[in-house]
Amino acid sequence: MNNSNTAKTITNTSAPFDVDRFRKDFPILNEQVHGKPLVYLDNAATAQKPKQVIETIDAYYRETNSNIHRGVHTLSEKATVIYEKARGKVKEFINAASTKEIVFVRGATEGINLVAQSFGRNTLKAGDEIIITELEHHSNIVPWQILSEQTGATLKYIPINDAGELILEEYEKLLSDKTRIVAVGHISNALGTINPIKNIIDKAHAVGAKVIVDGAQAVPHTRVDVKDLDCDFYVFSGHKLFGPTGIGVLYGKEAILESMPPYQGGGDMIQMVTMEKSTYNALPYKFEAGTPHIAGVIGLGAAIDYVSELGLEAAAQYEIELLDYASEQASQVPGLNFVGTAKSKTSILSFTLDGIHPHDIGTILDGEGVAIRAGHHCAMPVMERFNIPATARASFAFYNTRQEVDALIQAIDKCQKVFN
Amino acid sequence: MPEGIQLMFDIKDLYQEVIVDHNRSPRNFGKLDDADTTLEGFNPLCGDKLTLYLKTDGKKINDIAFDGSGCAISVASASLMTDAMKGMSLDEAEILFNEFHNLVTTDDDYDAESLGKLAALAGVKDYPARVKCASLCWHTLHSALQGDHTPVKTE
């Protein structure tokens with residue numbers, strides 16, 4: 001499999017990637033499953049957490065726990081400082097212009113819903129069009145279906161080819177002066193396809209549409225620069241970036257966020273409340289009603305520190321080499337079919353086996369200690385496109401090894417022995 | 001099982017020969033043209049889908065068949081169920097439904113003789129995520145016999 005397109009953005013590092021050193025940071029990798037060493041290949045569902053993240057959260061609850069933005073006591077002030085410091089880390093991480101553009105949400109899903117309901121519902125009208133793609137996760141389909149029902153806007157899909165790549169000629173045909181929103185995943189969770197989002201964003205802007213990028217699968221595998229992309233919104237989840245669950249980020253251009261009404265009402269998002277009317281707080285607090293997931297934000301900050309120190313570029317290069325090795329090994333397994341063979345892809349090996357349902361593959365692999373995802377990956381339109389009910393999906397992180405790929409291949413062989 | 005005790009794990013306890021066989025060559029597979037009851041079952045989590053076809057005279061299951069797609073556990077369970085149910089009275093069918101339910105969800109002793117080949121599905125109870133696969137066809141049959149015409153979902 002050729003991944004040269006991806007490799008272009010990666011700078012070569014002189015020292016080899018020291019996977020053994022980084023594995024020591026992840027306590028869970030020492031676990032055993034059914035008496036065998038855990039081989040965790042379900043990173044696209046959620047990534048494991050390094051001890052630096054676990055210890056940061058532990059220390060926060062032991063030493064600093066307090067509510068933020070409201071106390072005059074020492075702990076509250078300390079908690080507020082580390083919470084806001086984490087916002088600064090996110091800003092640097094994705095190269096946003098200002099911390100006003102960084103809104104903490106529960107995850108990528110909530111970020112998309114926020115944009116659909118606050119930006120979309122207040123700007124779209126009947127006859128307007130929203131463009132998404134056949135590759136999307138349900139979280140980047142359903143909010144737009146709901147918005148279409150609410151506003152009378154029409155939802156259109158960019159189709160994909162047999163390799164699982166977006167057909168850009170069709171995208172150009174869909175674009176028109178009716179297009180208001182283009183919502184696209186940066187990297188497909190089901191197939192690993194890396195979408196040409198810069199190109200997609202430029203073309204959307206040419207017709208005056210706004211673009212939201214679902215970066216849930218992208219941030220752990222590639223450097224994201226929202227200024228360079230010029231996207232209007234970008235969302236991602238902390239838990240796929242080696243951080244805690246329940247925390248995510250919505251990036252939005254300041255002027256657009258400024259023009260949007262609040263998504264939820266409550267404490268912290270107001271300036272002044274009278275019994276008749278309230279005035280809203282400044283960005284980004286306008287969108288952060290209620291006590292937030294403080295420990296989650298602080299844990300996410302620790303995760304960003306971790307990947308920054310690790311070097312995402314070196315990790316990404318290592319992952320591409322690992323995927324190439326896995327693809328090469330898998331291609332020699334008789335009866336194994338790849339689903340998703342994009343030229344530009346990363347970290348995901350989605351496959352089927354002749355005569356064996358992916359669910360059975362998942363159970364038998366688990367018996368060998370190998371954790372993968374089996375199912376439709378919350379991307380049922382992708383399954384429909386390939387006319388299959390489900391796939392087995394191995395998804396890699398920088399802490400996976402060639403030995404683990406070999407364990408996967410041996411476990412696949414065991415599946416075939418059970419059924420033949 | 002107490003924590004810390006390593007399960008002696010053998011995947012063959014789940015995928016017994018009879019299950020592999022019924023998955024490979026499912027019995028009573030296909031549409032029943034003169035069915036008087038047809039009901040769909042759907043497992044949204046994994047995408048298992050089946051349609052159950054029944055011919056009853058109000059007292060007895062005269063004929064039963066199924067089609068659809070799913071994992072080995074769901075296909076073998078439907079194959080074994082239809083084999084066992086053919087010719088059974090509705091009262092017997094209800095008893096078997098309850099026995100099967102106990103088999104795959106509890107550690108209670110089961111009557112190997114009355115369950116026959118269905119006992120091969122006993123291993124499913126050690127795989128909580130797979131109990132739905134084994135029971136989809138059973139819940140569908142149960143609803144059909146109760147006269148419920150809403151498609152069955154295991155969620």
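*Asks:* Explain a negative patch on the surface here, please?
*Replies:* Side chains of Asp10(B), Asp13(B), Asp107(B), Asp108(B), Asp109(B) and Asp126(B) sit close together on the surface and give a patch of like negative charge. Relative to the assigned elements, Asp126(B) resides in the loop between α4 (112-115) and α5 (131-145).

*Asks:* Help me understand the domain arrangement of chain A in this model?
*Replies:* Interface extent is often summarised as the accessible area lost during association of the parts. Residue and element names in this part refer to chain A. By the assigned domains, chain A splits into domain 1 (4-30 + 311-419) and domain 2 (54-308). The C-alpha centroid of domain 2 is placed 27 Å from the C-alpha centroid of domain 1. Across the contact, 36 residues belong to domain 1 and 32 residues belong to domain 2. For the pair domain 1 and domain 2, the two sides together bury roughly 2,700 Å², of which 58% comes from carbon and sulfur. Taken together, the links from domain 1 to domain 2 amount to three salt bridges.

*Asks:* Got a minute to help me understand empty space enclosed by the protein in this structure?
*Replies:* Where empty space is left in the structure can be found by rolling a water-sized probe over the atoms. Residues and elements named next belong to chain B. Within this structure, the stated rule accounts for three cavities of 30 Å³ or more. Taken as a whole, the largest cavity encloses approximately 50 Å³ of empty space. Lys49, Leu50, Phe66, Asp67, Gly68, Ser69, Gly70, Ser74, Val75 and Ala78 together form the lining of the largest cavity. Elements that contribute at least two residues to the lining of the largest cavity include exactly β2 (48-56), β3 (61-69) and α2 (72-85). In terms of residue count, the dominant contributor to the lining of the largest cavity is β3 (four residues). In this structure, the second largest cavity occupies an estimated 40 Å³ of space. Lining the second largest cavity are Phe97, Phe100, His101, Ser135, Trp138 and His139. Broken down by secondary-structure element, the contributors of at least two residues to the lining of the second largest cavity are α3 (90-105) and α5.

*Asks:* Help me understand helix α5 (residues 108-123) of chain A, please; the structure alone is not making it clear to me.
*Replies:* A turn of α-helix holds 3.6 residues, and therefore any two residues three or four places apart point the same way. Residue and element names in this part refer to chain A. A rise of 1.5 Å per residue sets the reference length of α5, with its 16 residues, at 22 Å; its end C-alpha atoms lie 21 Å apart and thus fit the reference within 8%. Of all the bends found along α5, the most pronounced is centred on Ala116 and spans about 25°. Taken residue by residue, α5 has Ala108, Glu110, Gly111, Ile112, Leu114, Val115, Ala116, Ser118, Phe119 and Gly120 as its buried positions.

So, how was this worked out
Residues numbered from 1 in each chain as written. Chains lettered and ligands numbered in written order. Predicted model: local features only at pLDDT ≥ 70, side-chain atom pairs only at ≥ 80, totals over all residues. Heavy atoms only, no water. Patch = residues over 30% accessible without salt bridge, like charges linked within 9 Å, V, L, I, M, F, W, Y side chains within 5 Å. Areas by Shrake-Rupley, 256 points an atom, 1.4 Å probe, with all protein chains shown as cover. Salt bridge = Lys/Arg side-chain N within 4 Å of Asp/Glu carboxyl O. Lys, Arg positive; Asp, Glu negative; His and termini not counted. Charge placed at Lys NZ, Arg CZ, Asp CG, Glu CD. Helix = DSSP H or I, 4+ residues; strand = E, 2+ residues; numbered from the N terminus. Domains from an automatic or database assignment. Contact = heavy atoms within 4.5 Å. Buried area = accessible area lost by both parts, 1.4 Å probe. 1 Å grid on protein atoms, 1.4 Å probe; cavity = no way out; pocket = protein on both sides within 12 Å on 5 of 7 lines; lining within 4 Å. Points joined across faces, edges and corners; volume = space filled by probe spheres on them. Expected span 1.5 Å × (residues − 1). Bend = angle between axes of the 7 residues up to and from the residue. Buried < 20%, exposed > 50% of the residue type's maximum accessible area, 1.4 Å probe, protein only.

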